[in-house]
Amino acid sequence: MKTPDSRFYCPLISVGTITLDENESTHAVRVCRACAGDILQLSDGLGHYADAVIEVADAKACQVRVDTVIEAANPRPKVSLGIACLKDDALEEVVFHAAQTEIDKIIFLRTDFSQEPKNSDLKKTVRRAELKSLVSLKQSKKAWMTNIEGPVEFDKWLASYKGDLILCDIDGERQLNLSGSGNASANSDPQPTPITLLVGPEGGFSPREIEAIKTFQNGKVHLLNLGNTRLRARTAAIIALGKIL
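My aim in this report is to walk through the structure given alongside it, one point at a time. (Residues numbered from 1 in each chain as written. Predicted model: local features only at pLDDT ≥ 70, side-chain atom pairs only at ≥ 80, totals over all residues. Heavy atoms only, no water.)

### Things to note about the overall build of the protein chain
Check the secondary structure of the protein chain and you find 6 helices and 12 strands. Each principal axis of the C-alpha distribution contributes one length, and for the protein chain these read about 60 × 45 × 30 Å. Here the protein chain, with 245 residues, has 46% of them falling under the buried criterion. Just so you have it, the protein chain exposes about 12700 Å², and 49% of that area is on carbon and sulfur atoms. (Helix = DSSP H or I, 4+ residues; strand = E, 2+ residues; numbered from the N terminus. Buried < 20%, exposed > 50% of the residue type's maximum accessible area, 1.4 Å probe, protein only. Areas by Shrake-Rupley, 256 points an atom, 1.4 Å probe, with all protein chains shown as cover.)

Okay, structure coming up:
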């Protein structure tokens, strides 16, 4: 028996015989050349794993047998990324990298200086971002899939949000003490406060938005300094996540 060096997505993992969807079946049988008797590692993106033995190696409907479902040791992460809508394929690039890390969700925010095309509903961008998040789940072997939300107006999102915030700011700290926030595995708090890293568009958030963030009342506000150079928005998002995770 062999195990392909990849996880396969199965949204409903349970003990017994499961039929994988066509995309996962094709990847297992045609790409990885898995055969009957081989073992596939399944993940549902909701904190469950399973080793599944292939019973029928069908490239359109691969049937596998699951004997045991394993729950992830760590709870779903509480760190999220809120990023302003960007032009071209920048949002997809951010998702491609960020969704490989252990974050809860990525929220696309419509800000004063957002650079998305006018009158765009971003449906195609959101769908492609969701697919990239799924690929990242399997590639990185995470327990939890990063959700994609939005686009949503920044003011509306901020008014409804309850949790801590991190704003990338030149006057911020190089290293943050996030005790009690974010990922429970990083501290002793079993139920940490949600925390969202905010990254503006090229040129940053508007003065009005920055003031709204700094005076936010429904949680703590942390200011994070990313260094002495000016970064593109897509770069800032990844560098900032690397500092706080």
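### Describing the nonpolar core
Membership of the largest hydrophobic core comes to 31 residues, with the highest contact counts inside it found for Leu81, Ile83, Ile106, Phe108, Leu197, Val199 and Ile244. Secondary-structure elements contributing two or more residues to this core are strand S7 (79-84), helix H2 (90-98), strand S8 (105-110), helix H3 (123-140), strand S11 (195-199) and helix H6 (233-244). Among the elements that take part in this core, H6 stands out by supplying 6 residues, more than any other. Within the second largest apolar cluster, 17 residues are counted, among which are Leu20, Ala28, Ala52 and Cys62. (Core = buried A, V, L, I, M, F, W, Y, C linked by side-chain atoms within 4.5 Å.)

### Focus on helix H1 (residues 22-31)
Spacing of three or four residues puts side chains on the same side of an α-helix, whose turn is 3.6 residues. Residues of H1 that are buried include every one of Glu24, Ser25, Ala28 and Val29, and no others. Projection of H1 onto a plane perpendicular to its axis shows the buried side chains occupying an angular sector of 110 degrees, all on one side. Exposed side chains of H1 directed beyond 90 degrees from the buried face belong to Asn23, Arg30 and Val31. Buried residues along H1 sit in contact with strand S1 (7-9), strand S3 (39-43) and H3. For H1, the N-terminal cap is Asp21; the gap from its side-chain oxygen to the backbone nitrogen of Asn23 is 3.2 Å. (Arc of directions from axis to C-beta. Contact = heavy atoms within 4.5 Å. Polar contact = N/O pair within 3.5 Å; in protein donor to acceptor, adjacent residues only side chain to side chain.)

### Quick look at the side chain of Thr196
Along the chain, the position of Thr196 falls in strand S11. Here Thr196 falls in the buried class, since its relative accessible area comes to 2%. If near-sequence neighbours (up to four positions away) are discounted, Thr196 is found in contact with Ser80, Leu81, Gly82, Ile107, Trp157, Tyr161, Asp164, Leu165 and Ile166.

### Thoughts on the pairing of S8
Note: S7 against S8, 4 bridges, orientation parallel. Its bridge partner being in S8, Gly82 is matched across the sheet by Ile107. A crossover links S7 with its parallel partner S8, the connecting element being H2, and its sense is right-handed. Direction of pairing for S8 relative to strand S9 (residues 147-153): parallel, over a ladder of 5 bridges. Pairing of Leu109 across the sheet is with Val152, part of S9. (Pairing = 2+ DSSP bridges. Right-handed = clockwise from strand over helix to strand, strands pointing away.)

### Overview of the sheet that holds strand S10 (residues 164-173)
The sheet built from 6 strands is open, its strands ordered S9-S8-S7-S11-S10-S12 with parallel pairing. Since the sheet does not close on itself, it has two edges, and those belong to S9 and strand S12 (221-224), each with one partner. Here the strands of the sheet are splayed against their neighbours by 30 degrees on average, with no regard to which way each runs. Pairing of S10 with S11 involves 4 bridges; the strand directions are parallel. The residue of S11 that forms the bridge with Ile166 is Leu197. The strands that H2 touches are S7, S8 and S9; relative to S7, the one it contacts most, it runs at about 165 degrees. (Axes fitted to C-alpha atoms, helices over the stretch in contact; angles between N-to-C directions.)

### Description of the pattern of salt bridges
Inspection of the entire model under this criterion finds 15 salt bridges. Between Lys138 and Glu24 there is a salt bridge, with the nearest N and O atoms lying 2.8 Å from each other. In this pair, Lys138 sits in helix H3 while Glu24 sits in helix H1, placing the two residues 114 residues apart along the sequence. As far as burial versus exposure is concerned, Lys138 and Glu24 are alike and both buried. Across the pair Lys132 and Glu92 runs a salt bridge, and its minimum N-O distance is 3.4 Å. Of this pair, Lys132 sits in helix H3 while Glu92 is found in helix H2, placing the two residues 40 residues apart along the sequence. (Salt bridge = Lys/Arg side-chain N within 4 Å of Asp/Glu carboxyl O.)

### Focus on the packing of aromatic side chains
The full count for this structure, using the stated rule, is 4 aromatic pairs. Each ring, one from Trp157 and one from Tyr161, has its centre 4.7 Å from the other, and the planes form 20 degrees; the classification is stacked. Relative accessible area serves as the criterion here: at 10%, Trp157 is assigned to the buried category. One aromatic cluster in this structure is built from Phe154, Trp157, Tyr161, Phe205 and Phe216. (Phe/Tyr/Trp six-rings, centres within 6.5 Å; stacked < 30°, edge-to-face > 60°.)

### Quick look at the packing of H2 against H6
For the pair H2 and H6, interaxial distance at closest approach is 9 Å and the crossing angle is 15 degrees. When the axes of H2 and H6 are compared, the pair comes out roughly parallel. As H2 runs across H6, the sense of the crossing is right-handed. Of the residues in H6, those in contact with Ala90, Glu93, Val94, His97 and Ala98 of H2 are Arg234, Ala237, Ile238 and Leu241. Class assignment of the residues belonging to the contact of H2 with H6 gives a composition of 6 nonpolar, 1 polar and 2 charged. (Parallel < 35°, antiparallel > 145°, perpendicular 65-115°, else oblique. Left-handed = near helix turned anticlockwise from the far one by under 90°. Nonpolar A, V, L, I, M, F, W, Y, C, P; charged D, E, K, R; others polar.)

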